[in-house]
Protein chains: 2
Amino acid sequence: MGGGAGVAAATTVESKEWYLAAYAPQNIPTSEHIKLRTVNVSLEYDSIPDQHVLVQLLMITVDPYLRNVITGRDGDLYLPQILLNKVLTEFGIGRVVRSKNINFNEGDIVINPFSSIAEYSVVPSDFLRKIDPTANIALPNYINCLGLPGFTAWIGIDVIGNPAPGSNVFISAAAGGVGMFAGQFAKLKGCRVVGSTGSDEKVQILKDEFGYDQAFNYRKESDFNAALAKYFPNGIDLYLDNVGGKMLEAVLNHVNKGARIAITGMMSQYNTIPAEREGVNSLLNMVGKEVKMEGFLCGSYLNRFGEFETLMETYLKEEKIKSKHKIYQGIESFLESFASVFSSSNMGKVILQVAS
Amino acid sequence: MGGGAGVAAATTVESKEWYLAAYAPQNIPTSEHIKLRTVNVSLEYDSIPDQHVLVQLLMITVDPYLRNVITGRDGDLYLPQILLNKVLTEFGIGRVVRSKNINFNEGDIVINPFSSIAEYSVVPSDFLRKIDPTANIALPNYINCLGLPGFTAWIGIDVIGNPAPGSNVFISAAAGGVGMFAGQFAKLKGCRVVGSTGSDEKVQILKDEFGYDQAFNYRKESDFNAALAKYFPNGIDLYLDNVGGKMLEAVLNHVNKGARIAITGMMSQYNTIPAEREGVNSLLNMVGKEVKMEGFLCGSYLNRFGEFETLMETYLKEEKIKSKHKIYQGIESFLESFASVFSSSNMGKVILQVAS
C-alpha cells in the first residue's frame, strides 16, 4: 500500500491526517489534543460516492478561529464543535485526483473552504470552486488576500466601518492575516492608520511596507491607554478589533463621538475559559460617545464575496495591495504552525504547505 | 425682601437653590456635595436682560444622568461637568413671572430642558417651549412620557432596536422612568417583553399594569445567567440596557443571532470610579452571535422629537401608554429624591414638585 513502487497501479494511498484526540478547554492546544495518524485512502472509483471527488491537499491557511471549535464548549463563537476523533478542517486548496462529478477533472486545482487537514480526502463537490489556471495568480493569494483574511478585512473596514477620508483608524493584530489587509483598505480610503503588533520587526514592516502611518509593539508599550493617547492625539474613529480584552477596554477610553468598532474576533481571549476572560470596564463610554460596536462572521456576507473578489483582483493587478505569508512545510508541521498563530512570531498569514 | 407682608410691591424674592459644593467622584452624593442655599432674586424688569425671562420653577424630573456631571471627571458620558458653586440643572417646567421676550407673557407655563434647580431663576428664552393650556395634558406628562424618559425609550426601542413582532425583548431598570415606557413600546410592536427591577412589588406592577409578559426581582434572582435562562428559553433579540455591568455580561450569554443592544446608560456603574467599574467578560459572544451594540444620547435625535411627540400624544389619547411617577414635594426634598433614584425604591419617574 502506497509508498513503494509496484507493478500494478496502486489501489490505495497512505494519507496522514490531523484529528481531534481531546478537547482543549484552555491554553494553547498541544499534541495531547491534536494528533497525527496515517490512514489508507482508496483510489478506486467505486469507493467514491457520486458528486464527490478525491482531493490531494496542497495548502491550507492556519486560522485562529479554529481554536474555538476544539474547546468542547458550544458557546465560543457558536460554531459547531469538532467531534472527537474527527479530522480538523481549514480553508485550503487541493488537486483533484479522482472525480465523480463531470464538472471536475483530474488535475483541476480547487478551493475548498472545508478542507480536511489530511493529505488525501474524499469530499462532496458542492463547496469546491475551480481555480482558473490562466489567471496567473499565485496559489497562496487565493487563500490569503482573495480568501477569508482579505474578505474579513474588507467587511470590517469597507462594509461595517466605512470610514470617511481622514478618519483615525486603529487595527490590533495589525501584522496578522486580517490586520495586514485591513490597514491597507483603510489607507486606500484616505484614513490615518495605526496598528498594534507583537514585535519591533513587525512594527517596522507595517510602516515600511504596508503603509501604516504609525505602529507600536504592544508587548513593549503595555500601558495601552498611554500608547493610544500617544498615537491618537485626535482620538479613534474606527477600531478593527482582532484581540478583545484590555486593548478593547483602552480603545473605549479614546474613541471619538460616533466611533465604530468592528469585531472580527478576540484572539487574546481564545485560550481562556469564559469565566476567566478579561472584563472590559469602559463600556459606559459607549453612551457618552455614542459608539456602535458590532461583531461579525464572514459567513453572513457571502452574498458580497463576488464584489470583494472583483475589487481585490483589481487591487492586485494595480499592485495596490501587498500580502505576506509565512509558509510551514509538510503536513507534520501543522501543530507547530497553529501554536505560532498565538505567539506573535509570524508576519502575515500563516500557511501550511502540504504538497506542491 | 420676600417673606413678610409689605406695603410696597416686593422688589426681590427669596429663592432656595441647590448648588454643587464639592465633586463626588464615587458613591451616592450627599449633602457634603450638594447643598441648599437661599439667594435674593430681583423682580425688577431692569435687572432682566433682553430675551430672558424670570421663571418660577414648578417641577423637575430627577434623572440618573445628573450623577455623571458632578463627578469632577470629564470622561463619564462626556457631558460637561457642572462647575463648583453653580446651581444644578434638570429638565423641568416653570411659570413665567417676568418676561423680556415678546413671545412669552407672565403666567405662561414653559418647559425648560435646562431648568436651574432653584425656586426662581432668570433664564435665556431660547430653549423654552410654551405649553398649550388647552391641550388638557397633565403637567407631569410633559416631563415624563412626553419628555426625556419617553423620548429615550422610543429611540431605544423604535429607532435603534426596531424589533420584529414576536421578538424577545429584555429591559433592565424596567420600572424606572425609561424602562416603564420601553416595555410598553415593545409590546405595541408585538414583542414578548421581560423586565428586571428591584422589588417584588414593582415586578407585580410591571406585569399587572404595564403589560410585561414576565418580570423578575434582580435582588432576589441575583444569578443573572440563571434568571435569563429561565425567562428567555428562546434567547434575547433586543436588550435595552439601563444598568450595564454584570447584567449586560449575562445578557451577552443569552443573545440570539443578530441581537441588538441599545444602551441608554449604566446606572449600576454611575457611583463607581472608572477603574473600579465591573468588567464585562462575555463580549466575545458578540462575534459568534453577530451582535450590534450601540450607546446613544437623546440630544443626537432631537430632529425626531416632533415625530415622537405626535405618536406619544396619540398613544396618550388612545390610552395605549400608561405612566407612573413618584412625586417628592418641596425644593428641600431634592437631595433625598436624587438618592432614591439609585435605591430601587421608586416606581416610575421621580419628580420633584417645587410649586403648584
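Residues numbered from 1 in each chain as written. Chains lettered and ligands numbered in written order. Predicted model: local features only at pLDDT ≥ 70, side-chain atom pairs only at ≥ 80, totals over all residues. Heavy atoms only, no water.

As annotated in an unreviewed UniProt entry, chain A is 2-alkenal reductase (NADP(+)-dependent) from Artemisia annua.

Points about the domain arrangement of chain A
All names here are of chain A. By domain assignment, chain A separates into domain 1 (13-128 + 324-353) and domain 2 (152-299). On the side of domain 2, 20 residues touch domain 1, which itself brings 22 residues to the contact. Taken over both partners, the interface formed by domain 1 and domain 2 buries close to 1700 Å², and the fraction arising from carbon and sulfur atoms is 57%. When the buried area of domain 1 at its contact with domain 2 is split by residue, K324, S344 and M347 rank highest and sum to 34% of it. At the junction of domain 1 with domain 2, the criterion picks out one salt bridge. Its salt-bridge partner being E209, residue K324 comes within 3.0 Å of it at the nearest N-O pair. The tally of links from domain 1 across to domain 2 stands at five residue pairs in polar contact (both at pLDDT 80 or more). Here the side of domain 1 that touches domain 2 is composed, by residue class, of nine nonpolar, eight polar and five charged. (Domains from an automatic or database assignment. Contact = heavy atoms within 4.5 Å. Buried area = accessible area lost by both parts, 1.4 Å probe. Salt bridge = Lys/Arg side-chain N within 4 Å of Asp/Glu carboxyl O. Polar contact = N/O pair within 3.5 Å; in protein donor to acceptor, adjacent residues only side chain to side chain. Nonpolar A, V, L, I, M, F, W, Y, C, P; charged D, E, K, R; others polar.)

Side note on the sheet that holds strand β8 (residues 168-171) of chain B
Within the open sheet, the twelve strands sit side by side as β10(A)-β9(A)-β8(A)-β11(A)-β12(A)-β13(A)-β13(B)-β12(B)-β11(B)-β8(B)-β9(B)-β10(B). Their pairing is mixed. Whereas interior strands pair on both sides, the edge strands pair on one side only; in this sheet they are β10 (214-217) of chain A together with β10 (214-217) of chain B. Across the sheet, the mean angle from the axis of one strand to that of its neighbour is 15°, orientation sign disregarded. As defined by bridge partners, strand β9 (residues 192-197) of chain A adjoins β10(A) across four bridges and the pair is classed as parallel. For A:T197, the partnering residue across the bridge sits in β10(A) and is A:N217. Lying on the sheet, helix α4 (residues 200-208) of chain A is in contact with β9 and β10 of chain A; it crosses β10(A) at an angle near 170°. (Pairing = 2+ DSSP bridges. Helix = DSSP H or I, 4+ residues; strand = E, 2+ residues; numbered from the N terminus. Axes fitted to C-alpha atoms, helices over the stretch in contact; angles between N-to-C directions.)

Considerations on the pattern of salt bridges
In a structure, side chains of opposite charge can pair up when their charged atoms sit close to one another. Per the stated rule, a full pass over the model turns up 28 salt bridges over all chains. Across the salt bridge formed by A:K230 and A:E221, the nearest N and O atoms sit 3.4 Å from each other. A salt bridge links B:K16 to B:E332; the shortest N-O distance between them is 3.2 Å. Taken together, the residues span a long stretch of sequence, with B:K16 in strand β1 (residues 12-20) and B:E332 in the loop between β14 (325-329) and α9 (334-340) at a distance of 316 residues. According to the relative accessible area criterion, B:E332 is partly exposed, its value standing at 45%. (Buried < 20%, exposed > 50% of the residue type's maximum accessible area, 1.4 Å probe, protein only.)

Overview of the packing of aromatic side chains
Per the stated rule, a full pass over the model turns up 32 aromatic pairs over all chains. Summarising the aromatic geometry, the rings of B:F296 and B:Y301 are spaced 6.2 Å apart at their centres and angled 85° between planes, so their arrangement reads as edge-to-face. Exposure class is identical for B:F296 and B:Y301. Each is buried. Ring plane angle 80° and centroid distance 5.7 Å describe the contact between B:F338 and B:F342, whose orientation is recorded as edge-to-face. In this structure, B:F338 and B:F342 share a single accessibility class: buried. Among the aromatic residues, those joined into a ring-pair cluster are A:F170, A:F216, A:Y231, A:F232 and A:Y239. Lying over the aromatic face of A:F104, A:K130 brings its terminal NZ or CZ to 5.6 Å of the ring centre. Across the ring face of B:F232, the terminal group of B:R192 is positioned such that the distance to the ring centre comes to 5.5 Å. (Phe/Tyr/Trp six-rings, centres within 6.5 Å; stacked < 30°, edge-to-face > 60°. Lys NZ or Arg CZ within 6 Å of the ring centre and 35° of its normal.)

Some thoughts on the side chain of B:S172
Structurally, B:S172 is set in the loop between β8 and α3 (177-188). In contact with B:S172, other than residues within four places in its own chain, are B:S196, B:Y239, B:L240, B:D241, B:N242 and B:V243.

Considerations on the relation of the copies chain A and chain B
Mapping chain A onto chain B is achieved by rotating through 180° and translating by 0.0 Å along the same axis, at an RMSD of 0.0 Å. When the rotation and shift are considered jointly, the pair of chain copies conforms to a two-fold rotation axis. The position closest to the rotation axis in chain A is occupied by the C-alpha of A:G279, lying 1.9 Å away. Both copies contact each other with a shared surface, as 100% of the interface residues of chain A are interface residues in chain B too. (Least-squares fit on C-alpha atoms with pLDDT ≥ 70 in both.)

So, α3(B)
Quick reminder: α-helices carry 3.6 residues per turn. Residues three or four places apart thus point the same way. All names here are of chain B. In a regular helix each residue adds 1.5 Å, so twelve residues correspond to 16 Å; α3 covers 18 Å between its end C-alpha atoms and thus fits that length. Buried within α3 we find G177, V178, G179, M180, F181, A182, G183, Q184, F185 and A186. Those residues of α3 that are buried lie in contact with α2 (148-161), β8, β9 (192-197), β11 (236-241), α8 (305-317) and β15 (349-353). Trailing α3 by a residue or two, G190 shows a phi angle of about 80°, which is positive. (Expected span 1.5 Å × (residues − 1).)

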